[in-house]
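# Secondary and tertiary structure notes
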Amino acid sequence: MVGMRGAYGYNDNGNEGGVVVGGGEAEAEIAAMAVLHKVAAPPAQSTASKLKARVKETFFPDDPFRGFKGKPLTTKWVMAVQYLFPILDWVPSYSFSLFKSDLVAGLTIASLAIPQGISYAKLASLPPIIGLYSSFVPPMVYAVLGSSRDLAVGPVSIASLIMGSMLRQAVSPAAEPLLFLQLAFTSTFFAGLVQASLGILRLGFIIDFLSKATLVGFMAGAAIIVSLQQLKALLGIVHFTTEMGLVPVMASVIHHTKEWSWQTILMAVCFLVLLLTARHVSMKWPKLFWVSACAPLACVIVSTLLVFLFKAQKHGISIIGQLKCGLNRPSWDKLLFDPQYLGLTVKTGLVTGIISLTEGVAVGRTFASLKDYQVDGNKEMMAIGLMNIVGSCTSCYVTTGAFSRSAVNHNAGCKTAMSNVIMALTVMVTLLFLMPLFVYTPNVVLGAIIIAAVIGLIDLPAVYNIWKMDKMDFLVCLCAFAGVIFISVQQGLAIAVGISIFRVLLQITRPKMMIQGNIKGTDIYRNLHQYKDAQRVPGFLILTVEAPINFANTNYLNERIKRWIEEESSAGTKQSELHFVILDLSAVPAIDTSGISFLIDLKKSTEKHD
């Protein structure tokens, strides 16, 4: 060891190398330092203790039960119940002033949730009423189990798009609507099962494989695909492709120009401009958040009145039609575990579950950081999972915390999860009494609402920042975007995740190494390529490894170091002849048995080269 740098050196005789310093005082000082800073062996631990510590650090890094230590048994039981049901944390101290804030927030997000629920259900090729059902039961469940104060729960565009596209590959919603509905409920059940399992088994780190670059590219691509799918409603096309790619969608639009309806296009342009203007106003003046929140419902009301007054349904404007009044019907008898469709529903549930879970947890953490409180990721996974399991049995499809709705909830001044309860009760009133009012709602307005909602998923500043910071991350982002646009949503996501994992493997198998030099007049050593003042030390090759040394990269390290030694030996003169190789391992956090063998082999190799 040389100084405090964790270096391992060899001299020209193959023995441990060191730095010779002239003068007895200097030697005494170094000897004193060696005694003062001697590396101690770690405390002896049994194999069971080491395994226990490793498992705890892997699956319980946040140590969720640390608050239980030293508490009486009764207190522990109370804390355990509060941990499982976070609603018990805030209900005892709930006040009327908090309720007033939550009431305003709940009514505001309800005005957004009702038209979005109907729109997103159509996006998933499900009956519009299912979208409203999904905005009633899941928020009530989340209010009891969720730990976020700002998360507004309901259907989201991306999960709706993925579920609809994956299920349509096997079953036509028009030809077999009941079977399609059964598959949607079953997929939701499996999505909830996956989500809850990740939380219960503390496997939340799995969703970390969806890096920011992956999500930015995926969301942008999915937003464009969602928008393109709305061209059917915006142009009044009757026969439209069921495929999701850019090419088939645009081909379908061009091939069916005879079906375009100028009345539908005019209405689409007017309401789309209105919605985008409202969104721009709310973004520019945050205090006017209610303009964007209320715009979708206002558009639904105005367009419905226009269709009713002018009988527009007789002039090429398609409408929703009759919707039944009533609350969620039980659907546990509609869960279909037929082997013929089991693989499809499991795969659909897995993909939609992971995507919606990632969105929900990310949104919850974002708004928690703004208000300076903690959100337990694993608890959120369990809450979202149980919410979807219950939803699958009550005529709901996949739901999670939507960013647009949560932003409105946050800006409206919500204080607790009671805002979700207020929203759910508002949707309940709508389901019981107001459904006949949606009979004349035109589909074109629902398409415009979806487009206005998903435009916010295209984050160009984030793409630019990724390009500036890391070109490899930008490649991942671009592949996710292109895969979604040109192939399919799920395959585009798989490609991006595959590239991200490949990049991680590349960093493991090809660790960063550099040659260091001394900054003149100091005892500091830095990378020769980054510091112009750093100078080579004659006769020394100082190499830094900045990664764990393990079986995956020892062969690369061995070959790379030998190549450096050969280059230095062949290029050296008598004055700069190579005598020492120093490995600076201060940045190496771990080394396995293969790494130890690598160091031993390297020592033998340097002995042969004198």
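- The name that an unreviewed UniProt entry assigns to the protein chain is Sulfate transporter, with the source organism given as Oryza sativa subsp. indica.

### Some details on the overall build of the protein chain
- Within the protein chain, the secondary structure is distributed over 24 helices and eight strands.
- Based on the C-alpha atoms only, the size of the protein chain along its principal axes is roughly 100 × 65 × 55 Å.
- Across the 610 residues of the protein chain, 49% fall into the buried class.
- Pairs at least 24 apart in sequence give 79% of the contacts found in the protein chain among residues at least 6 apart.
- Here the protein chain displays about 30600 Å² of accessible surface, and carbon together with sulfur accounts for 65% of that area.
- Charged side chains in the protein chain number 48 positive and 37 negative. The centres of these two groups are separated by 12 Å.

### So, the side chain of S419
- Position of S419 relative to the elements: it lies in helix α18 (residues 418–434).
- Taking relative accessible area as the criterion, S419 reaches 0% and is therefore assigned buried.
- Separated by 3.4 Å, the side chain of S419 and the backbone oxygen of T416 make a polar contact.
- Contacts of S419, omitting those with residues within four sequence positions, involve D102, A105, G106, I109, R149, N409 and C414.

### Details of the domain arrangement of the protein chain
- For the protein chain, the domain assignment lists domain 1 (88–503) and domain 2 (511–608).
- Relative placement of domain 1 and domain 2: their C-alpha centres are 53 Å apart.

### Things to note about the packing of aromatic side chains
- Enumeration over the complete set of coordinates arrives at nine aromatic pairs.
- Look at F189 and F190: their rings are 5.7 Å apart centre to centre, the planes differ by 70 degrees, and that puts the pair in the edge-to-face class. The exposure classification of F189 matches that of F190, with both residues buried.
- Relative to F337, the ring of F189 has its centre 5.9 Å away and its plane inclined at 80 degrees; by these criteria the two rings are edge-to-face. Placement of F189 in helix α9 (residues 177–200) and of F337 in the loop between α14 (289–310) and α15 (339–371) is noted, with a sequence separation of 148 residues between them.
- F189 sits in the buried class, given a relative accessible area of 18%.

### A few points about helix α24 (residues 593–608)
- Compared with an ideal rise of 1.5 Å per residue, which puts 16 residues at 22 Å, α24 spans 23 Å between its outermost C-alpha atoms and is within 8% of the ideal.
- Taken as a whole, α24 has its buried residues at G595, F598, L599, L602, S605 and T606. An end-on view of α24 places all buried positions within 125 degrees of arc, on one side of the element. Opposite its buried face, α24 presents the exposed residues T593 and K608, each directed more than 90 degrees away.
- Regarding α24, its N-cap is D592, as a side-chain oxygen of that residue lies 3.2 Å from the backbone nitrogen of S594 further along.

### As for the pattern of salt bridges
- In the structure shown here, the tally under the stated rule is five salt bridges.
- Across the salt bridge formed by K371 and D150, the nearest N and O atoms sit 2.9 Å from each other. Of this pair, K371 sits in helix α15 while D150 sits in the loop between α7 (137–145) and β2 (153–154), and the two are 221 residues apart along the sequence.
- Ionic pairing is found between D470 and R503, a salt bridge with its closest N-O pair at 2.3 Å. In this pair, D470 is assigned in the loop between α20 (460–469) and α21 (471–486) and R503 in helix α22 (residues 489–509), connecting sequence segments 33 residues apart.
- Where salt bridges share partners, they join D470, D473 and R503 into one cluster.

### Let's talk about the pairing of strand β8 (residues 580–584)
- With five of its five residues buried, β8 lies for the most part within the structure.
- What you see with β8 is no split at all: F580, I582 and D584 on one side and V581 and L583 on the other are buried throughout.
- Note that strand β7 (residues 540–545) and β8 share five bridges and pair parallel. Note that in β8 the partner of L541 across the bridge is V581.

### Here's the deal with the packing of helix α10 (residues 212–229) against helix α12 (residues 246–255)
- Closest axis-to-axis distance for the α10/α12 pair is 10 Å, and the angle between their directions is 20 degrees. What the angle tells us is that α10 and α12 run roughly parallel. The two elements α10 and α12 meet at a crossing, and its hand is left-handed. Every residue of α12 that contacts α10 at I225, L228 and Q229 is listed here: L246, V249 and M250.
- Of the residues assigned to the contact of α10 with α12, the class counts are five nonpolar, one polar and no charged.

### Some details on the environment of I130
- One can find I130 in helix α6 (residues 128–133).
- Between the C-alpha atom of I130 and that of I118, which follows or precedes it by twelve residues, the distance is 7.6 Å.
- Each residue touching I130, except ones within four places of it in the same chain, is listed here: L181, F185, S395 and Y397.

### Thoughts on the nonpolar core
- Core analysis: the biggest nonpolar cluster contains 106 residues, and L126, I130, L161, I162, L183, F218 and L431 have the highest contact counts within it.
- Sorting elements by how many residues they give to this core places α9 first, with eleven residues.
- Not counting the four nearest positions on each side in its chain, L183 is found in contact with L167, V171, L336, Y341, L344 and T345.
- Ranked by size, the runner-up nonpolar core spans 18 residues in total, among them I565, L585, V588 and F598.

### Observations regarding a nonpolar patch on the surface
- Taken together, F205, I206, F209, I501, V504, L505 and I508 make up a surface patch of nonpolar side chains, about 550 Å² in accessible area.
- Along the chain, F205 turns up in the loop between α9 and α10.

### Things to note about the pairing of β7
- Burial analysis of β7 places six of its six residues in the buried class, the great majority of the element.
- Side chains F540, I542 and T544 of β7 all project onto a buried face; the interleaved residues L541, L543 and V545 project onto the opposite face, where all are buried too.
- Bridge count between strand β4 (residues 513–519) and β7: three bridges; the pairing is antiparallel. Pairing of M513 across the sheet is with V545, part of β7.

Definitions and limits used
Residues numbered from 1 in each chain as written. Predicted model: local features only at pLDDT ≥ 70, side-chain atom pairs only at ≥ 80, totals over all residues. Heavy atoms only, no water. Helix = DSSP H or I, 4+ residues; strand = E, 2+ residues; numbered from the N terminus. Buried < 20%, exposed > 50% of the residue type's maximum accessible area, 1.4 Å probe, protein only. Contact = heavy atoms within 4.5 Å. Areas by Shrake-Rupley, 256 points an atom, 1.4 Å probe, with all protein chains shown as cover. Lys, Arg positive; Asp, Glu negative; His and termini not counted. Charge placed at Lys NZ, Arg CZ, Asp CG, Glu CD. Polar contact = N/O pair within 3.5 Å; in protein donor to acceptor, adjacent residues only side chain to side chain. Domains from an automatic or database assignment. Phe/Tyr/Trp six-rings, centres within 6.5 Å; stacked < 30°, edge-to-face > 60°. Expected span 1.5 Å × (residues − 1). Arc of directions from axis to C-beta. Salt bridge = Lys/Arg side-chain N within 4 Å of Asp/Glu carboxyl O. Pairing = 2+ DSSP bridges. Axes fitted to C-alpha atoms, helices over the stretch in contact; angles between N-to-C directions. Parallel < 35°, antiparallel > 145°, perpendicular 65-115°, else oblique. Left-handed = near helix turned anticlockwise from the far one by under 90°. Nonpolar A, V, L, I, M, F, W, Y, C, P; charged D, E, K, R; others polar. Core = buried A, V, L, I, M, F, W, Y, C linked by side-chain atoms within 4.5 Å. Patch = residues over 30% accessible without salt bridge, like charges linked within 9 Å, V, L, I, M, F, W, Y side chains within 5 Å.

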